[in-house]
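Notes for the structure review
Each chain, written out:
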Amino acid sequence: MSSVHVGGVEWKIYNPQGKRRVLVTKKLVGDRWLRELENADCRVEVCDSREILTNQQIAEAIGDHCSAVIGQLTEKWNEDLFGILKKAGGVVYSNFAVGFDNIDIPAATKHGIPVGNTPGVLTEATAEMAVCLTYAAARHLLEANQYLIEGKYKSWLPDLFLGQQIYRKKLGVIGTGRIGSAYALSMVRGNLMDIVYYDKFTNKKMEEQLEQFNQYLKQIGEKPIEYKNASSMEQVIREADILSLHPNLDSSTYHLMNAERLKLMKPSAILINCARGPIIDEAALVEHCKQNPGFAAGLDVFEHEPALAPGLKDLPNVVIVPHIASATFWTRSAMATIASLNVASILKGYPCWSSGDMTPFVGEPGGNGESPSQVPPQAAPSILNAKELGLQSLQPSKAAL
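Residues numbered from 1 in each chain as written. Predicted model: local features only at pLDDT ≥ 70, side-chain atom pairs only at ≥ 80, totals over all residues. Heavy atoms only, no water.

Details of the overall build of the chain
Of the regular secondary structure elements, the chain holds 14 helices and 16 strands. Computed over its C-alpha atoms, the radius of gyration of the chain comes to 23 Å, within 12% of the 21 Å expected for a compact globule of 401 residues. Within the chain, the fraction of its 401 residues that count as buried is 50%. Accessible surface, the chain as shown: approximately 18,900 Å² in total, 52% of it carbon and sulfur. (Helix = DSSP H or I, 4+ residues; strand = E, 2+ residues; numbered from the N terminus. Rg over C-alpha atoms; globule rule 2.2 N^0.38 Å. Buried < 20%, exposed > 50% of the residue type's maximum accessible area, 1.4 Å probe, protein only. Areas by Shrake-Rupley, 256 points an atom, 1.4 Å probe, with all protein chains shown as cover.)

Here's what the structure looks like:
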């Protein structure tokens, strides 16, 4: 395998005879994504560095000839970078992420560049991590693990690492999209929790599932759970024993959990964030956790990632992990496949998929990551600015599955 050094980093080259040059700014998971790009006659250059690339390094790598880029959430794709990509002959960019707050989409649209993302395959993995963090924070899991590793465990004690019991407590969820509702249903079904949630619209599908669960509870003689869509976020924050955040990040949700709202929470509450770091004012959270030792938090994302707010890592009542909520092999490989198909399909002149259902491209979660029919639909799975660019769409019923 050959490689080149550009911008101070090494780029490994796959299918060097390919007619279309595609940059991939990080090594991706699995191998199907690479096959899809090679099948589209792409020369694929993959950055071998594990460091976050600067815009200057990306610009140098794009050079004067580049058809497409698959980039990362950690990169700032702005007006300048899209202009450089366009000048080099670039016709499509895909984020290796479902989120896209790192992308200036109007700038990409201005330059006529379709922008892809990878939705629909992170739901179960991210919800599972939110559940993991909930239990870990509630039961002092990491603190107890360290206590044992350091040789401090001498005897069973009645009051050693007393935590919060979750069973039949009240769950609060802000944002009940795919991930928020998957987390909510998992926690409610597993722990018979009441739930209060806040969303702009009543989540009818989730409430139907909760009602079906209640019917089951009645059949087996258990007390039904209670559920409601609150009239305000503050109501959820006040009532919840466990509060999990799942909104999109925008100007209205930046520092959604600030010092004032943190003070509204119960002193023994648990706060979970697997959405976006800036949703929480991290400095305010550090101070709140210091002043309320019975309070706990579980975080997968951070305000100034990868940096942590001063004091955060030293708090015994906070569980932190390095943005790994979607880090299952199936999810990350499915994300890679979708990102590659976004690029390959646009390069081939295919239309844009008009459904949020990604199973025709990657199958069901936990599967082998291949299309159920072995041949994916001839469409770009997820292009965020397709409508603005006037790109043709493909209805699932008309796809060649």
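Having seen the structure, we can now continue with the description.
Brief notes about the sheet that holds strand S1 (residues 3-6)
What the seven strands build is an open sheet, ordered S1-S2-S4-S3-S5-S6-S7; its pairing is mixed. Pairing within the sheet leaves two strands with one partner each, and these edge strands are S1 and strand S7 (115-116). By the bridge criterion, two bridges tie strand S6 (residues 92-95) to S7 in an arrangement that is parallel. Across the sheet, residue serine 94 finds its bridge partner in S7, namely glycine 116. Where helix H1 (residues 32-39) meets the sheet, its contacts fall on strand S2 (9-14), strand S3 (20-24), strand S4 (42-47) and strand S5 (68-71), and the angle it forms with S4 comes to roughly 145°. Across the face of the sheet, helix H12 (residues 329-348) comes into contact with S3, S4, S5, S6 and S7 while running at roughly 170° to S6. (Pairing = 2+ DSSP bridges. Contact = heavy atoms within 4.5 Å. Axes fitted to C-alpha atoms, helices over the stretch in contact; angles between N-to-C directions.)

What about the UniProt feature "domain: D-isomer specific 2-hydroxyacid dehydrogenase NAD-binding" (unreviewed entry) in the chain?
UniProt annotation of "domain: D-isomer specific 2-hydroxyacid dehydrogenase NAD-binding" (unreviewed entry) refers to residues 133-325 when read in the numbering used here. Annotated as residues 133-325, this span is 35% helix and 15% strand, and its ends, taken at the C-alpha atoms, are 10 Å apart. (UniProt positions renumbered as here; feature names shortened; annotations may be inferred.)

Describing unusual backbone geometry
Of the consecutive residues glutamate 305 and proline 306, the connecting peptide bond is found in the cis state with omega at 10°. Relative to the helices and strands, proline 306 resides in the loop between strand S13 (296-299) and strand S14 (318-320). The backbone phi angle of asparagine 15 is positive, close to 50°, even though this residue is not glycine. Relative to the assigned elements, asparagine 15 resides in the loop between S2 and S3. On the accessibility criterion, asparagine 15 (24% relative accessible area) is partly exposed. The phi torsion at leucine 192 lies on the positive side, around 50°, for a residue other than glycine.

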